[in-house]
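A look at the structure
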Amino acid sequence: MSATHLAAGLDPLGAAGPNDPAQASRGRLELLLGAAKSAFVSPEDAVEAAEALRRAFADDPQAGRLRIALHTGDDSSATARRAWHLCEIANGGQTLLSAATAAGLPRRTYDLGVHRLRDLMSPIRLYAIGDDRPPRSLDQVPNNLPVQFTTFVGRQAELSALRTLLLGERLVTLAGPGGSGKTRLAAQLAANHSEFWPQGAWWVDLSEITDPALVADTVADAVGALVGSGRLAPQLRTSRLLLALDNCEQVLDGVADLAAELLRTCPEVTVLATSREPLGIPGEVVWRVPPIATDEAQDLFVERARLVVPGFELDEASRAAVTSMCERLDGMPLALELAAAWLRTLTPQQINDGLDDRFSLLTRGPRGVANRQQTLAASVRWSHDLLDDTERAVFRRLAVFHGGFTLDAARAVCNRDALVTLAGLVDKSLVVAEDGRYRLLETIREYAAARLREAGEEEAIRDRHLDHFLAYVEGDSSPDKDSWRVRMQAEHGNLRAALEHGLTAEDPAKGRRLAAGLPWLWHLHGPGHEGIDFLRRAVDRAPQDTSPLQSRLLTGIALVADVTGPVDLGFDVLDRALKLAADERDRGLPLVLQGVGRVFADLDGAWRQSLAALASAEISGDEFVRDSALALQGIVLHLRDDHERAVPLLATSVAELLRRGDRGVAATALCFRASSALVTGDLDLARHLAEEAVAIAAPLGDYNRVGTTRSMLATVHSFTGGTDAGLALMEPVLALVRNAEVPVVVPGMASALGQLHLARAEFAEAERWLREASQPTEHITCIAVQSLPPLASALIGLDRRDEALAVLDRAVTMAGELRMQRVLGDAYEQQGRLRSDLELHHQALAIRIEHGLRLGCVDSLDAIAALIGSEHLLASATAVREHMGYPRRALVPPHATNDALMSLDEALEYVRRTRGPRTRPSSGWPSLTPTEVTVAKLVADGLNNPEIAAKLFMSRGTVKTHLSHIFTKLGIGNRTELATIAVAESGA
């Protein structure tokens with residue numbers, strides 16, 4: 001669809017940046033442009049908009065500097081960009097039109113003739129409205145800058161940085177590998193600032209000469225000098241001009257000699273060079289051309305695609321393919337343009353798939369360009385052919401590295417002192433140096449890998465690579481796990497490649513040893529599924545092995561599964577690992593991991609394992625096992641709401657874990673500390689601890705710890721009224737989960753999201769998340785049961801009371817069996833709300849007081865006050881909430897009182913005092929109701945729940961509820977214990 005684009009700006013008149021006297025006017029103009037359209041259906045509409053803009057800006061002190069341009073074409077970014085290039089050459093107060101725009105206007109315009117814009121495209125005819133001044137086109141300065149047949153896309157940040165260099169330095173070299181866009185960037189830079197050099201901007205293509213002695217003559221021909229070699233500089237001594245020397249690498253000595261002479265004798269000559277390696281002379285500023293940014297790379301692909309398939313647009317599938325393509329091609333403009341050419345016959349998805357053999361695919365360069373730009377392979381081969389034999393040997397051997405390498409690694413793998421050679425490869429733009437590491441762009445690495453195979457060295461070099469990284473891992477015994485993780489994370493690509501080679505070798509011993517040294521890498525920084533796969537393969541390469549190495553591999557599987565899932569993966573392997581362990585040094589970690597596995601469903605078993613792990617740590621001196629076992633004990637006590645004992649254990653373990661850089665377990669333990677602070681009513685402390693946990697986990701960058709800590713902080717927000725902040729906190733986690741290639745486990749995520757939506761009274765969304773969180777399996781009942789009371793609350797909000805009652809019956813049964821007091825109190829409270837049962841609310845309150853669950857106590861005060869109609873109690877609860885920072889989720893009756901407000905402890909004492917005398921104690925056999933006694937005796941008689949329900953004319957759920965109450969009052973956990981007590985009481 002045709003559209004006329006409007007571009008406007010102020011004539012810079014040499015001023016720019018914050019010191020521009022027109023800065024305020026510039027800001028006002030930007031506001032006017034932001035509020036108006038920039039594309040119009042017809043040229044007439046665009047002209048009217050331009051005139052309206054001039055009127056709106058007429059009273060501004062800088063109105064005379066306003067320049068406007070209109071260009072008509074398709075409705076694309078390329079058309080908008082051409083309108084802006086048109087605006088760049090307009091004079092202040094002038095409105096320029098392209099011929100396509102002027103042709104659609106009935107009014108008279110001035111024909112300004114043919115001019116060249118700074119986009120370096122072919123000249124076009126220009127028109128103006130009411131102003132016949134010649135535009136400040138590229139033709140106003142002598143030049144021979146090359147005509148471009150495609151648009152220049154992106155690189156705005158690079159152009160801005162280079163402007164400062166070019167206008168302040170005498171010699172700037174754009175260095176980069178073939179296909180990186182050096183030539184096009186240099187030409188655009190020269191065009192943008194050509195007016196700075198009155199004697200011209202001269203382009204000199206050196207690609208066709210190979211004799212350094214011909215450089216000066218070639219330059220002389222380009223600038224129109226009478227003589228060349230030896231006498232060029234005197235002719236340019238008084239000239240103020242720019243020399244752009246393109247493709248210097250094959251005549252580097254000649255270019256260096258000429259540039260040095262010009263710098264010495266021609267004070268106003270600036271040299272802009274493009275080369276695959278620096279000139280290496282004093283005064284040279286080397287600027288490495290980076291890959292084009294990902295978003296700009298996508299724009300480049302789309303614009304080139306539209307030359308092949310007019311109207312090409314990205315849909316969801318093709319956008320993903322193009323994004324992948326841009327990443328795999330390292331943002332190399334040449335490679336992207338060659339890829340786009342394939343759209344005549346392939347879809348973006350097929351092109352992306354074809355990049356597995358990119359040098360065969362990317363062979364469709366346009367006619368009329370240098371041979372080295374016709375194919376990707378030719379572009380890289382051009383650089384490779386300029387290397388000497390030593391450089392070629394090192395270059396091809398570096399292909400074995402993945403994700404970069406250090407100088408030590410290069411020396412080990414290349415089997416020589418590679419420093420000097422490596423420096424030469426960096427200079428020639430075949431190796432990138434950054435922050436003490438080196439890397440090959442993936443396209444260049446694949447080319448080097450092909451040369452490695454041709455040389456017959458691949459197997460030997462991969463063996464050296466494996467040997468180096470095996471020694472690297474086994475030799476790093478740092479007790480600081482945080483710094484260890486950073487070092488291993490930097491080598492993740494190399495470790496992956498070394499493992500692949502080692503585990504497929506005829507003798508897998510080295511690969512198995514390397515795998516055994518890396519479980520903590522996958523535990524602390526994913527991808528965990530990859531780690532489990534490598535470790536399983538290592539075990540399977542020697543399935544009958546009974547050595548300690550096999551024990552460490554099996555333990556590693558469980559360690560990675562702890563943060564990856566599924567939860568039950570580690571159970572069998574840990575039993576096998578313990579049987580094969582050589583001594584307590586190999587037993588402590590499996591014992592801890594067994595305890596962690598049991599904490600999801602068997603709290604008593606988890607406690608026993610923590611004791612065994614502590615005993616093992618005492619013998620072996622393993623501080624990590626000791627501190628992890630203490631954290632595990634704190635978690636068990638927390639889940640059973642013994643916070644007075646849990647908090648010191650968690651605090652001690654966190655401090656010791658962080659001292660050694662054990663972020664993962666420390667972050668998890670901090671989450672439980674934050675949860676304890678939350679349920680015991682210290683919301684400020686809960687927020688502080690949760691924020692600390694998020695900060696500690698952040699460097700890990702994994703799904704589990706980052707997701708878990710954010711979920712804890714979001715949960716705190718849900719109770720303190722910060723639901724917007726909580727949802728914003730969870731959005732990145734949700735995005736990671738949605739985009740994960742394999743299913744991932746983020747403990748606490750579904751529960752946190754459910755609580756946030758519940759706090760916002762978004763009951764349907766809350767139900768969806770809480771139902772996901774509350775789906776128990778054989779191994780995660782302790783986690784699932786905690787989401788049952790809030791799920792019931794969501795169902796009540798949806799007026800699905802019968803479903804809510806069934807959920808609460810299940811919650812009471814499970815919480816009673818697991819002896820999880822907070823969940824039991826929460827379930828009693830929800831049951832009391834559904835049934836308007838004051839006794840259930842008092843039971844909930846009794847549990848909460850006994851276990852210090854002060855947050856829940858406030859909810860109990862609300863519920864009891866509403867049932868007994870006490871405005872004084874409600875008013876006191878309101879004051880307590882305000883002090884805590886704990887807003888209400890549910891409406892309560894209006895309340896006002898002239899009485900002195902009570903503190904939380906006073907309110908709790910008041911409620912207990914006014915409850916009235918109780919006929920039964922709160923625990924033991926005498927505390928059972930008649931119905932509960934009957935149920936207990938029927939259990940002793942051997943009846944199951946359906947039989948008891950039929951005999952007493954009640955539902956099975958009600959039987960479960962009675963049994964849960966009985967278990968809680970008697971302090972037992974199963975039917976066998978109940979039967980024993982019931983028989984004894986009946987005999988008494």
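For the structure, see preceding data.
Heads up: these notes are all about the structure in this document. (Residues numbered from 1 in each chain as written. Predicted model: local features only at pLDDT ≥ 70, side-chain atom pairs only at ≥ 80, totals over all residues. Heavy atoms only, no water.)

Describing the environment of N494
- Of note, N494 is situated in helix 22 (residues 492-504).
- Assessed through its relative accessible area of 0%, N494 is described here as buried.
- Put simply, N494 and F401 are 93 residues apart on the chain and 5.9 Å apart in space, counted from C-alpha to C-alpha.
- Setting aside residues up to four positions removed in sequence, N494 forms contacts with V400, F401, H402, G404, R437, H465 and F469. (Helix = DSSP H or I, 4+ residues; strand = E, 2+ residues; numbered from the N terminus. Buried < 20%, exposed > 50% of the residue type's maximum accessible area, 1.4 Å probe, protein only. Contact = heavy atoms within 4.5 Å.)

Points about the nonpolar core
- One finds F395, L398, F405, V431, L514 and V599 to be the most contacted residues of the largest nonpolar core, which totals 158 residues.
- Here the element with the most residues in this core is helix 32 (residues 663-679); it accounts for nine residues.
- With residues near it in sequence (within four places) discarded, L398 still touches F405, A410, C414, L422, L425, V431 and L440.
- L171, L206, I209 and L263 belong to the second-largest nonpolar core, a separate cluster that totals 32 residues. (Core = buried A, V, L, I, M, F, W, Y, C linked by side-chain atoms within 4.5 Å.)

Details of the side chain of T274
- Within the secondary structure layout, T274 lies in strand 10 (residues 269-275).
- If we skip the residues at most four places from it in the chain, T274 touches L174, K182, T183, A186, L245, D246, N247, C248 and E249.

A closer look at the sheet that holds strand 7 (residues 171-175)
- Spatially, the five strands line up as an open sheet ordered 8-9-10-7-11, and their pairing is parallel. Of all strands in the sheet, those with a lone pairing partner are strand 8 (201-205) and strand 11 (284-288), marking the two edges. Averaged over neighbouring strand pairs, the angle between their axes works out to 20° when direction is ignored.
- Alignment of strand 7 against strand 10, held across five bridges, turns out to be parallel. (Pairing = 2+ DSSP bridges. Axes fitted to C-alpha atoms, helices over the stretch in contact; angles between N-to-C directions.)

Describing unusual backbone geometry
- One non-glycine residue, R155, lies in the positive phi region at around 60°.
- Relative to the helices and strands, R155 is located in the loop between strand 6 (124-128) and helix 5 (156-168).
- By relative accessible area, R155 is classed as buried at 3%.

Side note on a nonpolar patch on the surface
- On the surface, L838, L867 and I868 cluster together into a nonpolar patch covering about 220 Å² of accessible area.
- Tracing the backbone shows I868 in helix 43 (residues 854-868). (Patch = residues over 30% accessible without salt bridge, like charges linked within 9 Å, V, L, I, M, F, W, Y side chains within 5 Å. Areas by Shrake-Rupley, 256 points an atom, 1.4 Å probe, with all protein chains shown as cover. Salt bridge = Lys/Arg side-chain N within 4 Å of Asp/Glu carboxyl O.)

A word on helix 23 (residues 509-516)
- Of the positions making up helix 23, those classed as buried are G511, R512, L514, A515 and A516.
- Lining the buried residues of helix 23 we find helix 20 (458-474), helix 22, helix 24 (519-524), helix 25 (528-540) and helix 26 (548-564).

With respect to the pattern of salt bridges
- For the coordinates displayed, the defined rule picks out 55 salt bridges.
- With its nearest N and O atoms 2.8 Å apart, the salt bridge here joins D119 to R82. One end of the pair, D119, is in the loop between strand 5 (110-115) and strand 6; the other, R82, is in helix 3 (residues 77-88), and 37 residues separate them in sequence. Each of the two residues, D119 as well as R82, counts as buried.
- Three or more residues are tied together by salt bridges with common partners; here these are K481, E623, R626, D627, E656, R659, R660 and D662.

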